[in-house]
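# A closer look at the structure
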Amino acid sequence: MSGETRHGTNGTVENAAKKPARSAVEGIKENSRALRGTIADELDKDSDHFIEQNKQLLKFHGTYQQEDRDARKARRGEGLGKHYMFMVRCKIPGGRVTAEQYLALNDLADAYGNSTLRFTSRQGIQFHGILKSHLKDTIAGINATLLTTLGACGDVSRNVMCCPAPSRHDRVRDEMQTTARRLALHFAPRSAAYHEIWLNGQPLAPLSEHHGKTPPPLTQPSPPQGGEDRVRGTDEEPIYGKVYLPRKFKIGLALPDDNCIDVYAQDLGLLALVENGAIAGYNLLVGGGMGMTHGNANTFPMLAVPICHVPAADAIDAAEAVVKLFRDHGNRADRKRARIKYVVHEWGAEKFRDVLAGYLGIMPEPARSVAVTGFPLHLGWHPQGDGKWYYGLSVENGRVKDDGSVRLRSALRTIVERFRPELRLTGMQDVLLCNLDSNSLPVLEKILDEHGVVRPESIGLPRLHSMACPAIPTCGLAISEAERALPGILDELEALLHSLGLERETLGVRMTGCPNGCVRPYQSDIGIVGRSGDKYVLYVGGRIQGDRMNFQLKDLVPRDEIATTLEPLLRRFRDEKRAGESFGDYCHRLGADRTRALLPAHETSTI
Ligand code: SRM
Ligand code: SF4
């Protein structure tokens, strides 16, 4: 490419065409004084929202400026502006939360939020509906529990995912949990801004010192879970540098027979290879990412690609090498093309490995040949191996709320107060209640029943394997409903499956309010992605294991026609399925063209 050249003021030749302009966010980061911006000044002001520059920086601190979208129309009619409110996200490596931490978060949701908590698809916990005037107390309250929001969002390494299932005396799972926490610590932003702004510059103090300062009263946690990944600030960012990463970066660890964190959707997936009961090493899978933009072919979801194999002892150094490669080679001009998946896509696995070798200082071994075979939900009762039990509770779309006769939030609070279990969040927005005695089993079930909470064994398999993102009313990027629409769609789908005799089929449905893919909808048997108001793009052909992309079945499907659109396919699946074949497998075997041909003829023209 012939680039226009010009002479810089210091006499150097600059190639204007080779260096595309950086995106505005790059400038904001660079001039942010290590993520401070003017957040502290604005916090003191009597306004209900922040200026754009601080809105971007707030993400690094774990919070998003949002608006109440349900109220938008009425407020406009009344000549009022947006009703601003904030989402606050806790970063919880491996999803581990103590009983005391959970109870404190539950109280904070009442004190400052909308009285719900949301378990996320990355093992985090979110608050919604926080007003600016309560933001500092909320974040300080979270920190007082020894949890953090630092780096839960922003252009840094986000929450590190790892299978949460407790299995005592299982070295492999223990080691993976430990590595997840070490990775979280390693990649936590170092900037002192977080402590200055939210904790009045106080270094982390024992909880007892916080007691009484931050409403609501918080109880003393037993051994901190995740709290150690809060790094005391220095302003030096040895890994990220001054402008941090080009975009978000996500890490997850999985086992071939337990991919419950969707390792192929991660920017960096560490797939553990076990030999003689211990982790011998990890395959590094790089470049997973779900986001795309409708109508922009330059953006696409992608599964992570095997790049190399590293010994277990080198996992953190190898992860740092990948992060630094991304820092230096990611696209800083176009945020829609900034994820590491586009580097992997442009270079291919071989070149990526060669460049990575430069960061590692050695040429890594090729990735070992290994398949992902399982995606357990970990729901229901399971022995832990130490005489105790854990109970996996299904939380529909991760929303912990009291809703009419179904009082899930009260049930959870009662259980946690009574049995003091450790809580472990899953990548499917569910929760495992751990360390329970066998005599607590019937009592816990009784509490759930009394609160109208349906136990996993009575929930249909598609619903158990389904997820939806929050979408409207809180997400500023939502085009369509998801969390509020999926339960009704599943009602229709389950009725249909029942009428076809397919109710025992394990199939996953994942729904998002826009194509950003926050519940990883492009890997599931059925993906439903917001397109325009009440219309969705329908995808089929993925599978539970998460190692295959689905394909577009039909565009612009009205919400109330989703089940009926799938009916001819499900009927044929029932008649033609092979032993062990799931609905997604069946569609995949047929391929996109033959699957689409099963739709009534006139309908295929929209694709
Ligand atoms: Fe996400 C942005 C919610 C997991 C891909 N995501 C958002 C925002 C913050 C909207 C925004 O930028 O204004 C959403 C807040 C909505 C709200 O009201 O709470 C949001 N994402 C979520 C959560 C809560 C969905 C859920 O139902 O659980 C998940 C929080 C996880 C956590 O605890 O950290 C969540 N988001 C994901 C995942 C799944 C994953 O990481 O395994 C993805 C797909 C994987 C990936 O990153 O590609 C995902 N979110 C996105 C994207 C697309 C990014 C891209 O580069 O393509 C956006 C938009 C963006 O960043 O510009 C986004
Ligand atoms: Fe918002 Fe889209 Fe993510 Fe749903 S998928 S939470 S609508 S960004």
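Note that residues are indexed from 1 along each chain, following the sequence as it is written. Chain A is the first chain written and ligand 1 is the first ligand written, with later ones labelled in order. Per-residue local features of the predicted model are confined to residues with pLDDT of at least 70, and side-chain atom pairs are confined, for both listing and counting, to 80 or more; whole-chain, interface and lining totals are unaffected and use all residues. Processing note: side-chain calculations cover all non-hydrogen atoms of the structure and skip hydrogens and water entirely.

## A few points about the coordination of the iron atom of ligand 1
Inspection of the coordination sphere of the iron atom of ligand 1 shows a single protein donor, C518 (SG), at 2.3 Å. The helix count covers DSSP runs of H or I at least four residues long, the strand count covers runs of E at least two residues long, and both are numbered beginning at the N terminus. Mapping C518 onto the fold places it in the loop between β21 (509-512) and β22 (526-532). In this listing, donors mean N, O and S atoms no farther than 2.8 Å from the metal, or 3.2 Å for Na, K and Ca; water is missing from the atoms, so a site can look incomplete.

## Some words on the nonpolar core
Ranked by internal contacts, the top residues of the largest apolar core, which has 101 residues, are Y102, F127, W198, Y282 and F352. Here this core gets nine residues from one element, more than from any other, and that element is helix α10 (residues 315-329). Setting aside anything within four residues of it in sequence, one finds F352 in contact with V286, I307, V322, L325, I340, V343, V344 and W347. Among buried residues, those of type Ala, Val, Leu, Ile, Met, Phe, Trp, Tyr and Cys that are joined through side-chain atoms within 4.5 Å constitute a nonpolar core. Any residue under 20% of the maximum accessible area for its type is buried, any over 50% is exposed, and the rest in between are partly exposed; the area is computed with a 1.4 Å probe on protein chains only. Residue contacts are counted whenever heavy atoms from the two residues lie within 4.5 Å of one another.

## Focus on the site of ligand 1
Looking at ligand 1, there are 30 residues lining it, with R118, T120, T474, C518 and R520 nearest. As used in this structure description, the phrase polar contact means that two N or O atoms lie within 3.5 Å; if the pair is within protein, one of them must be able to donate a hydrogen and the other to accept it, and residues adjacent in sequence are counted only when both atoms belong to side chains. In this structure, an oxygen atom belonging to ligand 1 sits 2.8 Å away from a side-chain N or O atom of Q126. Taking R520, its side chain carries an N or O atom lying 2.6 Å from an oxygen atom of ligand 1. When contributions to the shell around ligand 1 are tallied by element, the ones reaching two or more residues are β3 (63-67), β4 (84-90) and β7 (125-130). Nonpolar residues are Ala, Val, Leu, Ile, Met, Phe, Trp, Tyr, Cys and Pro. Charged residues are Asp, Glu, Lys and Arg, and all others, Gly as well, are polar. When its residues are assigned to classes, the shell around ligand 1 shows ten nonpolar, twelve polar and eight charged. The cutoff for a nearby residue is simple: one of its non-hydrogen atoms must lie within 4 Å of the molecule or strand.

## Describing the site of ligand 2
Around ligand 2, the neighbouring residues are C469, P470, A471, C475, L477, A478, T512, G513, C514, N516, G517 and C518. Partitioning the shell around ligand 2 into residue classes produces eight nonpolar, four polar and no charged.

## Things to note about helix α13 (residues 441-450)
Regarding α13, the residues found buried are L441, L444, E445, I447 and L448. End-on, the buried residues of α13 take up no more than an arc of 155 degrees, which puts them together on one face. Exposed and oriented more than 90 degrees from the buried face of α13 are P442 and K446. Buried residues belonging to α13 abut β13 (380-383), β14 (389-393), α12 (408-419) and β19 (431-436). After α13 finishes, the residue G452 shows a positive phi value of roughly 70 degrees. This arc is built from the directions going out from the helix axis to the C-beta atoms.

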